[in-house]
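Here is what each chain is made of, one letter per residue.
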Amino acid sequence: MAKKKQEEEIVDNSKIIEGTFEQVMHNSMLPYSEHVILDRALPRVEDGLKPVQRRILYTMLELGTTPDKPHRKSARIVGDCLGKYHPHGDSSVYGAMVKLAQPFNTMMLLVDGHGNFGSVDGDSAAAMRYTEARMTPFALEMLRDLDKNTVPMTLNFDDSLEEPAVLPSRIPNLLVNGASGIAVGLATNIPPHSLGESIDGIVAYIDNRNISLEEMMKYIPAPDFPTGGIIIANQGIEEAYKTGKGKIILRAKLHVEDEGGKKNIVVTEIPYQVNKADLLSKINDLRETNKDLFGGIADIVDESDRNGMRCVIKLKKETDADTMIALLYKKTNLQVNFSANMTAIVNNRPMQLGLLDIIAHYVEFQREVIYKRSKFDLEAAEKREHILQGLLIAVNNVREVVDIVLDSKTYAESKERLMMRFELTDRQAVAVLDIPLKRLNKLDINKMLEEQKELLERIANLTAITNSKARQYGVVKKELLEIKKKYPGKRMSQIV
């Protein structure tokens, strides 16, 4: 018994790491930092998505939750994403999905949420078993051409499935929706922009690769925030666009109304990522604790409804509205600084990017997508045209083809004899043998000739695109302008 106990107490020392604390920390911290920076917290410059966001959209595509289909339970989408691609806990996946569905957080929504997805007052979304979701048309633009070998595919966490390393992103998502995240020793905070302005800027860059920042800012003068507000045009915007770092001053949009001899300050838009409930609570606290400066506030009423935001700060009769507005800008979040820090993953390493750098990387990526898509379509068109050549030979010699088939003992013999008699390839012979007899009439010959003519034109066009970078850039430009026309929208934030 004692001998058995001794055997049980033998410890396996093979897994014990021997070394100084500095060595162990150094060897463990670097891989961890790299993983967090590249695979969790920072977006890629090409599609502007973090891995979790990319995986959510890919999962929704696989589930078929397109804009024309009914909403699906959020729990189903989150469960599939967890089980297949993102093994990091359901709260991280659902939290990311909720943000993509919040109009006060995301400029162009990628998820169409059905149910309680939170509010600008800081209310959290309902549990995922109660809410439903599907993709927006904007998300489909992110995934367009994914099935045409346009982007590299990687294995998932257990090597059982493939997932895209990056989405084709036919819209400039990094600029339009921005990004924020904190990694190890790095952070990113990219402001959102207007879709129309971003596309105009990219088109201007395609037309003139040596465009200056000053000229670019005629097309993209400043960020554009989903909650509106007022942007103070200052040196910070240019600094952010030039170096990737800068402070942008954001103010609430407000006006003064008269009410029986008294003035009311009415706030209709607040700065981006400011919690409305906390803002009004802070103003109320100042009214109670700092009566010297804020004693002129009589009452604060939140009259916001489904038609829009309306927060009324009622002033006492003797209070000057302009003075109170200046104080509120100074002491509350009615005016905030948005600290832009435009860091993204470029060629598997984090880089701080200026506006022109982001546009340059995006345009080059889109050119590659167009090249790969054209190559894929060209191969498919050439295969189909090759088959049509064989079918046309067979239809024009239909009696002889039928005689060869009837005279042959096996399928293999039929194929062999057809290939020898009409100089067909293996693929053409198989197509001829598979053609139904009902298609062997005059109408189908005309249809095939018409299809062949269209295919030859398509092949010539696709060959020209694959052989010319200038044509590839031209296609990028044309398709971006089509997207701008498809999703028209006015600027939300006013520049003053």
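Preceding block: the structure.
Residues numbered from 1 in each chain as written. Predicted model: local features only at pLDDT ≥ 70, side-chain atom pairs only at ≥ 80, totals over all residues. Heavy atoms only, no water.

J.: Even after reading the chapter, I still don't get the overall build of the protein chain, so can you show me in this structure?
T.: Helix and strand counts for the protein chain come out as 19 helices and 17 strands. Computed over the C-alpha atoms, the radius of gyration of the protein chain is 31 Å, more than 25% above the 23 Å expected from 2.2 N^0.38 for a compact globule of 496 residues. Based on the C-alpha atoms only, the size of the protein chain along its principal axes is roughly 105 × 85 × 45 Å. Per-residue burial over the protein chain gives 45% buried out of 496 residues. Within the protein chain, contacts between residues at least 6 apart in sequence are counted, and of these 66% link residues at least 24 apart. Looking at the protein chain as shown, the accessible area adds up to about 26200 Å², and 51% of this sits on carbon and sulfur atoms. Between the mean site of the 68 positive side-chain charges and the mean site of the 70 negative ones, the protein chain shows a separation of 2 Å. (Helix = DSSP H or I, 4+ residues; strand = E, 2+ residues; numbered from the N terminus. Rg over C-alpha atoms; globule rule 2.2 N^0.38 Å. Buried < 20%, exposed > 50% of the residue type's maximum accessible area, 1.4 Å probe, protein only. Contact = heavy atoms within 4.5 Å. Areas by Shrake-Rupley, 256 points an atom, 1.4 Å probe, with all protein chains shown as cover. Lys, Arg positive; Asp, Glu negative; His and termini not counted. Charge placed at Lys NZ, Arg CZ, Asp CG, Glu CD.)

J.: Please clarify how helix H10 (residues 235-243) should be interpreted in this entry.
T.: Quick reminder: α-helices carry 3.6 residues per turn. Residues three or four places apart thus point the same way. Turning to H10, its buried residues are Gly236, Ile237, Ala240 and Tyr241. For H10, the angular spread of buried residues about the axis comes to 130°, placing them on one side. Looking at H10, the residues exposed on the side facing more than 90 degrees away from the buried face are Gln235 and Lys242. Structurally, H10 contributes buried residues whose contacts are with helix H9 (213-219), strand E8 (230-232), strand E9 (245-251), strand E14 (335-341) and helix H14 (355-396). Count one or two residues on from H10 and you reach Gly244, which has phi positive near 95°. (Arc of directions from axis to C-beta.)

J.: When you look at the packing of H14 against helix H19 (residues 469-486) in this model, what are you seeing that I'm missing?
T.: A pair of packed helices is characterised by two quantities: the angle between their axes and the separation of those axes. Look at H14 against H19: their axes get within 9 Å of each other, and the N-to-C directions meet at 105°. In terms of orientation, H14 and H19 fall into the roughly perpendicular class. Taken together, the residues of H19 that come into contact with H14 (itself represented by Tyr362, Val363, Glu364, Gln366, Arg367, Ile370, Tyr371 and Arg373) are Lys469, Gln472, Tyr473, Val475, Val476, Glu479 and Leu480. Here the residues of the contact of H14 with H19 sort into eight nonpolar, two polar and five charged. (Axes fitted to C-alpha atoms, helices over the stretch in contact; angles between N-to-C directions. Parallel < 35°, antiparallel > 145°, perpendicular 65-115°, else oblique. Nonpolar A, V, L, I, M, F, W, Y, C, P; charged D, E, K, R; others polar.)

J.: In this structure, what is going on with the nonpolar core? I would like to understand it.
T.: When a protein is soluble and globular, its nonpolar side chains tend to lie buried together. Counting residues in each nonpolar core, the largest one holds 106 residues, and the members touching the most others are Ile297, Leu328 and Ile359. Looking at this core element by element, the count peaks at eight residues for H14. Leave out the neighbours within four places in its chain, and Ile359 touches Leu175, Ile202, Tyr205, Met216 and Ile220. By size, the runner-up hydrophobic cluster in this structure holds 21 residues, among which are Leu391, Leu418, Ala431 and Ile435. (Core = buried A, V, L, I, M, F, W, Y, C linked by side-chain atoms within 4.5 Å.)

J.: What am I meant to see in the pattern of salt bridges here?
T.: Note that side chains of opposite charge can pair when their charged atoms are close. Applying the stated criterion across every chain, the model contains 33 salt bridges. We note a salt bridge from Arg373 to Glu479, for which the minimum N-O separation is 2.8 Å. With Arg373 in helix H14 and Glu479 in helix H19, this residue pair connects regions lying 106 residues apart in the sequence. Glu479 carries the same exposure label as Arg373, and that label is buried. The residue Asp426 makes a salt bridge to Lys415 at a minimum N-O spacing of 3.0 Å. Pair noted here: Asp426 is in helix H17 (residues 426-434) and Lys415 is in helix H16 (residues 411-422), with a separation of eleven residues, a long-range link. A residue is classified by how much of its surface remains accessible, and Asp426, at 40% relative accessible area, is partly exposed. Residues joined in a network through salt bridges with shared partners are Glu141, Arg144, Asp145, Arg170, Arg373, Glu479 and Lys486. (Salt bridge = Lys/Arg side-chain N within 4 Å of Asp/Glu carboxyl O.)

J.: Explanation requested: the packing of aromatic side chains in the structure shown.
T.: Aromatic ring pairs are defined here through the distance separating the ring centres and the angle between the ring planes. The final tally for this structure, using the stated rule, is five aromatic pairs. Ring geometry for Phe225 and Tyr272: centres 5.2 Å apart, planes at 40°, overall tilted. Residue Phe225 is found in the loop between H9 and E8, and its partner Tyr272 is found in the loop between strand E11 (262-269) and helix H11 (276-289); the two are separated by 47 residues along the sequence. By relative accessible area, Phe225 is classed as buried at 0%. Joined through ring pairs, the aromatic side chains of Phe225, Tyr272 and Phe338 make up one cluster. Above the plane of the ring of Tyr473 lies Arg209, whose end atom (NZ or CZ) is 4.2 Å from the centre. In this arrangement the basic side chain of Arg251 is found over the ring face of Tyr329, its NZ or CZ atom lying 4.3 Å from the centre. (Phe/Tyr/Trp six-rings, centres within 6.5 Å; stacked < 30°, edge-to-face > 60°. Lys NZ or Arg CZ within 6 Å of the ring centre and 35° of its normal.)

J.: What is the right way to read the sheet that holds strand E3 (residues 132-135) from this model?
T.: Either a parallel or an antiparallel arrangement is found when strands of a sheet pair, and the pairing is made through backbone hydrogen bonds. The strand order across the open sheet formed by three strands is E1-E3-E2, and the pairing between neighbours is antiparallel. On the outer flanks of this sheet lie strand E1 (72-73) and strand E2 (111-114), each paired with one strand and no other. Strand direction decides the pairing type here: E2 and E3, joined by four bridges, are antiparallel. When the bridges of E3 are listed, Asp112 appears paired with Arg134. (Pairing = 2+ DSSP bridges.)

J.: Mind showing me how you'd approach the side chain of Arg287 here?
T.: Along the chain, Arg287 falls in helix H11. Here Asn284 takes part through its side chain, which lies 2.9 Å from a polar atom of the side chain of Arg287. Setting aside anything within four residues of it in sequence, one finds Arg287 in contact with Phe294, Ile297, Ala298 and Asp299. (Polar contact = N/O pair within 3.5 Å; in protein donor to acceptor, adjacent residues only side chain to side chain.)

J.: I keep staring at the sheet that holds strand E10 (residues 253-259) and nothing clicks. Help me out?
T.: In spatial order, the strands read E10-E11-E13-E12; together these four strands make up an open sheet with antiparallel pairing. Edge positions in the sheet fall to E10 and strand E12 (297-302), since each has one partner strand and no second. The sheet shows a mean angle of 20° between the axes of neighbouring strands, taken without regard to direction. As paired elements, E10 and E11 share seven bridges and run antiparallel to each other.

J.: What am I meant to see in the pairing of strand E15 (residues 343-346) here?
T.: The two faces of E15 match: Thr343 and Ile345 on one face and Ala344 and Val346 on the other face are all buried. As paired strands, E15 and strand E16 (residues 349-352) are joined by four bridges and run antiparallel to one another. Bridge pairing in E16 places Ala344 opposite Met351.

J.: How do you make sense of a negative patch on the surface when you look at a structure like this?
T.: The grouping of Glu214, Glu215, Glu238 and Glu239 at the surface amounts to a negative patch. Those elements that provide at least two residues to the negative patch are H9 and H10. Residue placement: Glu239 occurs in helix H10. A relative accessible area of 37% places Glu239 in the partly exposed class. (Patch = residues over 30% accessible without salt bridge, like charges linked within 9 Å, V, L, I, M, F, W, Y side chains within 5 Å.)

J.: What exactly am I supposed to notice about unusual backbone geometry here?
T.: Residues other than glycine predominantly adopt negative phi, and peptide bonds predominantly adopt the trans conformation. Of note, the phi angle at Asp145 is positive, near 75°, even though the residue is not glycine. Following the sequence through the fold, Asp145 ends up in the loop between helix H6 (137-143) and strand E4 (153-155).

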